[in-house]
Amino acid sequence: MQMSEARRFQQLRGHLSYLKLNDAAEALNRVLDQARTERMSLTAALERLLEIEVEATKARRSQPGNASPACPNPGR
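Every residue gets a number counted from 1 within its own chain, in the order that chain's sequence is written. Selection of residues for local features in this predicted model requires a pLDDT of at least 70, selection of side-chain atom pairs for listing and counting requires 80 or more, and totals for whole chains, interfaces and linings are taken over all residues. In computing side-chain properties, one takes all heavy atoms of the structure into account and sets aside hydrogens as well as water.

Engineer: Could you clarify how one ought to interpret the pattern of salt bridges in this entry?
Structural biologist: A pair can form between side chains of opposite charge whenever their charged atoms are brought close. By salt bridge we mean one thing: a side-chain nitrogen of Lys or Arg within 4 Å of a carboxyl oxygen of Asp or Glu. Under the definition given, this model contains six salt bridges. A salt bridge links R60 to E53; the nearest nitrogen and oxygen atoms lie 3.6 Å apart. Looking at R60, the relative accessible area reads 38%, which means it is partly exposed. Accessibility here uses a 1.4 Å probe with only protein chains present; expressed as a share of the type maximum, an area under 20% marks a residue as buried, one over 50% as exposed, and anything in between as partly exposed. Judged by relative accessible area, E53 falls into the buried class, the value being 6%. Close ionic contact of E55 with K58 constitutes a salt bridge, the shortest N to O distance being 4.0 Å. Placement of the pair is E55 and K58 together in helix α3 (residues 42–62), with a separation of three residues, close to one helical turn. The helix and strand labels rest on DSSP assignments: H or I over at least four residues marks a helix, E over at least two residues marks a strand, and numbering proceeds from the N terminus.

This is how it looks when you write it as structure tokens:
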């Protein structure tokens, strides 16, 4: 039994959200549309999706008061 494309999309978006890749989940439809339009490879589309998430994470971490948990604050 084959899964419909809409159901597969919802599952993929759910997986991204579960993994707390929220920016990637929000960009999924846009990236998939771009991949179809530009005939991108699967690898290129996945790279673009993850690039969006990485850039959003970097932006969040660079905001004042958002220190990375991996970098303890020595002033505490």
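Engineer: Explain the nonpolar core to me, please; I cannot follow it from the model alone.
Structural biologist: For soluble globular proteins, the rule of thumb is that nonpolar side chains tend to be buried together. The biggest cluster of nonpolar side chains holds 11 residues, and these are F9, L16, A24, A25, A27, L28, V31, A35, A45, L49 and I52. Of all the elements in the fold, those that place two or more residues in this core are α1 (5–18), α2 (22–38) and α3. With six residues, the single largest contributor to this core is α2. Setting aside residues up to four positions removed in sequence, A25 forms contacts with R13, L16 and S17. Residues enter a nonpolar core if they are buried and are Ala, Val, Leu, Ile, Met, Phe, Trp, Tyr or Cys, with the set joined through side-chain atoms within 4.5 Å. The contact criterion used is simple: two residues touch if any of their non-hydrogen atoms lie within 4.5 Å.

Engineer: Explain the packing of α2 against α3 here, please?
Structural biologist: In this description, a line fitted to the C-alpha atoms serves as the axis of each element, helices being fitted only across the stretch in contact, and the angle between N-to-C directions of two axes falls anywhere from 0 to 180 degrees. Two elements in contact, α2 and α3, have axes whose closest approach is 9 Å; the angle formed by their N-to-C orientations is 145 degrees. As α2 runs across α3, the sense of the crossing is right-handed. Here N22, D23, A24, A27, L28, R30, V31, Q34 and A35 of α2 lie close against α3, whose contacting residues are A45, R48, L49, I52, E53, A56 and R60. Gly falls in the polar group here, along with every residue not listed as nonpolar (Ala, Val, Leu, Ile, Met, Phe, Trp, Tyr, Cys, Pro) or charged (Asp, Glu, Lys, Arg). Among the residues making up the contact of α2 with α3, the classes are represented as nine nonpolar, two polar and five charged. Two helices cross in a left-handed way if the nearer one is turned anticlockwise from the farther one by less than a right angle. They cross in a right-handed way if the turn is clockwise.

Engineer: Please clarify how α3 should be interpreted in this entry.
Structural biologist: In an α-helix, one turn spans 3.6 residues, which is why side chains three or four residues apart end up on the same side. Multiplying 1.5 Å by the residue count of a helix minus one yields the expected span of that helix. Along its 21 residues, α3 runs 30 Å from first to last C-alpha, staying within 8% of the 30 Å computed at 1.5 Å per residue. Among all positions in α3, only A45, L49, I52, E53, A56 and T57 are buried. Burial along α3 is one-sided: seen end-on, the buried residues are contained in an arc of 125 degrees. In α3, the exposed residues that point more than 90 degrees away from the buried face are T43, K58, R61 and S62. As used here, the arc belongs to the directions running from the helix axis to the C-beta atoms.

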